[in-house]
Amino acid sequence: MENYRFVGEKILTWYQIHKRTLPWRNITNPYKIWISEVILQQTRVVQGLEYYERFIGRFPDVHTLAAADEQDVLKYWQGLGYYSRARNLHAAARSIETHFGGKFPEDYESLLKLKGIGEYTAAAIASFAFNHPCPVVDGNVFRFLSRLFAIEEPIDTSKGKKFFTELAGRLMDRRQAGLFNQAIMEFGALQCVPVSPDCGICTFASHCLAKMQGKVSEFPVKLNKPKTKELYLYYFLIHSGEFIFLKKREGKGIWQNLYEFPSVESEIPLSFEDLVKRTDFQALFPGNASHPAPDSETFDTSLIFKLLIKNYKHVLTHRILYADFYEVSVENTLGLEEYKKIRQSEIGEYPIHRLMQSFLEKIME
Ligand code: SF4
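Position numbers for residues count from 1 along each chain, tracking the sequence in the order it is written. Totals for whole chains, interfaces and linings use every residue, but because this is a predicted model, local features are given only for residues with pLDDT of at least 70 and side-chain atom pairs only at 80 or more, for both listing and counting. Hydrogens and water are ignored here; the side-chain numbers use all heavy atoms of the structure.

Caption draft 1: Highlighting the overall build of the chain. Numbering of helices and strands runs from the N terminus; a helix is a DSSP stretch of H or I covering at least four residues, while a strand is a stretch of E covering at least two. The helix and strand inventory of the chain stands at 15 helices and seven strands. Atoms counted for the radius of gyration: C-alpha only. Globule rule: 2.2 Å times the number of residues to the power 0.38. Its C-alpha atoms give the chain a radius of gyration of 27 Å, more than 25% over the compact-globule value 21 Å for 365 residues. Counting only C-alpha atoms, the chain reaches 90 × 40 × 35 Å along its principal axes. The long-range fraction of contacts in the chain, counting pairs at least 24 apart against all pairs at least 6 apart in sequence, stands at 63%. We get accessible surface area from the Shrake-Rupley algorithm with a probe of 1.4 Å; when it comes to residues, only the shown protein chains can shield them. Counting every atom, the chain has about 19000 Å² of accessible surface; 50% of that belongs to carbon and sulfur. In the chain, 45 positive and 44 negative side-chain charges are present, and the distance between their average locations comes to 5 Å. We call two residues contacting when some pair of their heavy atoms lies within 4.5 Å. When charges are counted, Lys and Arg are positive and Asp and Glu negative, with His and the chain ends excluded. All charge positions are set by atom: Lys at NZ, Arg at CZ, Asp at CG, Glu at CD.

Caption draft 2: Local environment of the packing of aromatic side chains. Aromatic rings from Phe, Tyr and Trp, with only the six-membered ring used for Trp, were paired whenever their centres fell within 6.5 Å, and each pair was classed as stacked if the ring planes differed by under 30 degrees, edge-to-face if by over 60, and tilted otherwise. Across all of its chains, the model carries 29 aromatic pairs by this definition. With 5.5 Å between their ring centres and 75° between their planes, F59 and Y76 make a pair best called edge-to-face. Remark: Y76 occurs in helix α5 (residues 70-77) and F59 occurs in the loop between α3 (45-58) and α4 (62-67); sequence separation between them is 17 residues. Given the relative accessible area of 0%, F59 is considered buried. Residue Y76 is classed as partly exposed on the basis of its relative accessible area, which comes to 21%. Ring geometry for F163 and F164: centres 5.5 Å apart, planes at 80°, overall edge-to-face. Think of it in three bands: with a 1.4 Å probe and only protein chains considered, a residue is buried below 20% of the maximum accessible area for its type, exposed above 50%, and partly exposed in between. When its relative accessible area of 35% is taken as the criterion, F163 is described as partly exposed. On the basis of relative accessibility, which here comes to 0%, the residue F164 falls in the buried class. Members of the aromatic cluster, joined through ring pairs, are F236, F272, F281, F285, F305 and Y326.

Caption draft 3: Focus on the site of the ligand. Throughout this document, a residue counts as near a molecule or strand when at least one of its heavy atoms sits within 4 Å of that molecule or strand. All residues adjacent to the ligand are F144, R147, Q191, C192, P197, C199, C202, C208, K211 and V216. Side-chain classes follow a simple rule in which Ala, Val, Leu, Ile, Met, Phe, Trp, Tyr, Cys and Pro form the nonpolar group, Asp, Glu, Lys and Arg form the charged group, and the remainder, Gly included, forms the polar group. By residue class, the composition of the shell around the ligand is seven nonpolar, one polar and two charged.

Caption draft 4: Focus on the sheet that holds strand β3 (residues 259-260). Whether two strands pair comes down to DSSP finding at least two bridges between them. Spatial strand order, β3-β2-β7: three strands in an open sheet with antiparallel pairing. Taken across any chain shown, the strands that pair with only one partner, and hence form the sheet edges, are β3 and β7 (340-343). Note that strand β2 (residues 243-248) and β3 share two bridges and pair antiparallel. Looking at β3, one finds that K247 is bridged to E260.

Caption draft 5: Summary view of the packing of helix α2 (residues 30-40) against helix α8 (residues 119-130). The axes are straight lines fitted to the C-alpha atoms, using for helices just the contacting stretch, and the angles between their N-to-C directions are given from 0 to 180°. Where α2 contacts α8, the two axes come as close as 9 Å, and the packing angle between them is 145°. α2 and α8 meet at a crossing whose hand is right-handed. The segment α2 lies against α8, with P30, I33, W34 and E37 engaging Y120, T121, A124, I125, F128, A129 and F130. Considering only residue class, the contact of α2 with α8 consists of nine nonpolar, one polar and one charged. A clockwise turn of the near helix away from the far one marks a right-handed crossing, whereas an anticlockwise turn of less than a right angle marks a left-handed crossing.

Caption draft 6: Layout of the sheet that holds strand β4 (residues 263-266). Sheet architecture is open: four strands sit in the order β4-β1-β6-β5, paired in mixed fashion. The strands lining the two open edges of the sheet, one partner per strand, are β4 and β5 (306-315). When strand polarity is set aside, the average angle formed by the axes of neighbouring strands in this sheet is 15°. Here four bridges tie strand β1 (residues 229-239) to β4, and the two strands are oriented antiparallel to one another. Directly across from Y235, in β4, lies its bridge partner S263. Where helix α15 (residues 354-364) meets the sheet, its contacts fall on β1, β5 and β6 (319-329), and the angle it forms with β5 comes to roughly 135°.

Caption draft 7: Structural context of the domain arrangement of the chain. As far as domains go, the chain holds domain 1 (2-201) and domain 2 (229-364). Each of domain 1 and domain 2 was reduced to a C-alpha centroid, and the two centroids are 47 Å apart. Start and end positions for the domains come from either an automated domain assignment or a database one.

Caption draft 8: Representation of the pattern of salt bridges. The salt bridge criterion pairs a side-chain nitrogen of Lys or Arg with a carboxyl oxygen of Asp or Glu, the two atoms within 4 Å. Under the criterion given, the structure shown has 17 salt bridges. Across the pair E218 and K229 runs a salt bridge whose closest N-O atoms are separated by 2.5 Å. Separated by 11 residues along the polypeptide, E218 in the loop between α12 (209-212) and β1 and K229 in strand β1 bring together distant segments of the chain. Accessibility expressed as a relative area gives 11% for K229, which makes it buried. Among the ionic pairs, E265 bridges to R249, the shortest N-O distance being 2.8 Å. Here the residue E265 occupies a position in strand β4, and R249 occupies one in the loop between β2 and β3, the gap between them amounting to 16 residues. Given a relative accessible area of 28%, E265 falls into the partly exposed group.

Caption draft 9: Looking closely at the nonpolar core. What is meant by a nonpolar core is a set of buried Ala, Val, Leu, Ile, Met, Phe, Trp, Tyr and Cys residues, joined one to another through side-chain atoms within 4.5 Å. Of all hydrophobic cores here, the largest spans 76 residues; its most connected members are Y31, W34, I35, L65, F144 and L145. With seven residues, the single largest contributor to this core is α8. Ignoring sequence-local partners within four residues, the contact set of Y31 consists of F55, I56, F59, P60, D61, V62, L65 and F104.

Given below as structure tokens:
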């Protein structure tokens, strides 16, 4: 894993610049870290702040909480819901008083014995407060790691949780365990966000496999939740004299072994200007257009692309597809060698998918 040392280095550099200032940051008080983690399990940071300040204001340390009346604790928990968590906090505080002499246990195993403290919270307290090298893997970390390494292991199985926890542990800078954990969680929360992360400005842009594969929205993989994904397809009915071109879809994706026109796929809608900048578009028409100059955003093409159908919607079980169909005539077939060159009248001899079928029916009209 030495090769991946850059992950920790980059994450820590990013964190120093971008971290939010929060009252439970830059502290090593295990009690306050514990309270903040439990509150954040059920509410967002912005709302959680107010509850945290109020709770800590009334119960500033473990002794105060242990000595309080349960009704009082519940009152200060009001609005957060999940009252069992407040009861567990109270019970655990009393247990720390009784069994640990009022001193917060430091190690992960002892923390786990406290009521209401599970693996995640135990790891957070052990690392944030005591710098123990326990990986903290929350939804933000699952998402970031699964995208960075394009990991298809589902995150909602015990095997998947173990896998990601071990991976986070291997990436961790053990001398700065608490800082690393906070940084990687913050990175997932602010940069590698669930929907449409701004990958263009990401410090991992040149390393991230999901980004490189154009599959950011496919990660993290969940076993029990079917994925619904939008996909934008740009098809090209390319004429070269009396011939057109087809390709057979390979791999495990949709429409395996069915034929279709050469295409470009995207997770986000593309304008034509965006489309021509794509390397897969440029690979299709290299002999007919000049590549953009290194310092230019433009793609100079002499080809005329006629838009036949725009934004044609096609719904599959877990995907919603939007397809544009262009027609273009080329002189030079460089870039199309791997495609099947057929006469248009022969297309009926090839198995095609429903979307292609719909397109052909429409242009027949
Ligand atoms: S490039 Fe995008 S998907 Fe990859 S880590 Fe960065 S924000 Fe996340």
